[in-house]
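# What the coordinates show
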Amino acid sequence: MSEHTNLAEMTEQLGEFLRDCILQKGFACPLYVTAASSNGSAYILSYWPGEQGLEPQLVASRHEEGGFKLPIALVVVSANAEAAYMRIERTGESNVVTLN
């Protein structure tokens, strides 16, 4: 397995993470998500309710050559000051911690 992950794989894991934050942990929108990779690739997104679910808005990004290198740390902060942390070690494997 590669030490890099592609954006589609990370997006799928992020979607599962956000669903859990909202449905299981009661996070309120908007949500702000920061993702940071061990090679310096990073992005910040805000997620707002829309007609077809959550709609992401890019706040800032930096992409190094090769994309996001594993491990990747993600932090979600909600409008009601809830926070959760997820670390993606390998594609399909992650560790989630609620920070409140």
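What comes next concerns the included structure.

Criteria and cut-off values
Residues numbered from 1 in each chain as written. Predicted model: local features only at pLDDT ≥ 70, side-chain atom pairs only at ≥ 80, totals over all residues. Heavy atoms only, no water. Salt bridge = Lys/Arg side-chain N within 4 Å of Asp/Glu carboxyl O. Buried < 20%, exposed > 50% of the residue type's maximum accessible area, 1.4 Å probe, protein only. Helix = DSSP H or I, 4+ residues; strand = E, 2+ residues; numbered from the N terminus. Contact = heavy atoms within 4.5 Å.

Throughout the structure, instances matching the rule amount to 2 salt bridges. Linking D20 and K25 is a salt bridge whose minimum nitrogen-to-oxygen distance equals 2.5 Å. K25 sits in the partly exposed class, given a relative accessible area of 29%. A salt bridge links R62 to E64; the shortest N-O distance between them is 2.5 Å. Residue R62 is classed as exposed on the basis of its relative accessible area of 52%.

Within the secondary structure layout, A79 lies in the loop between strand 6 (72–78) and strand 7 (83–90). Residues A79 and F27, spaced 52 residues apart in sequence, show a C-alpha to C-alpha distance of 7.4 Å. Not counting chain neighbours up to four residues away, the residues in contact with A79 comprise A28, C29 and P30.

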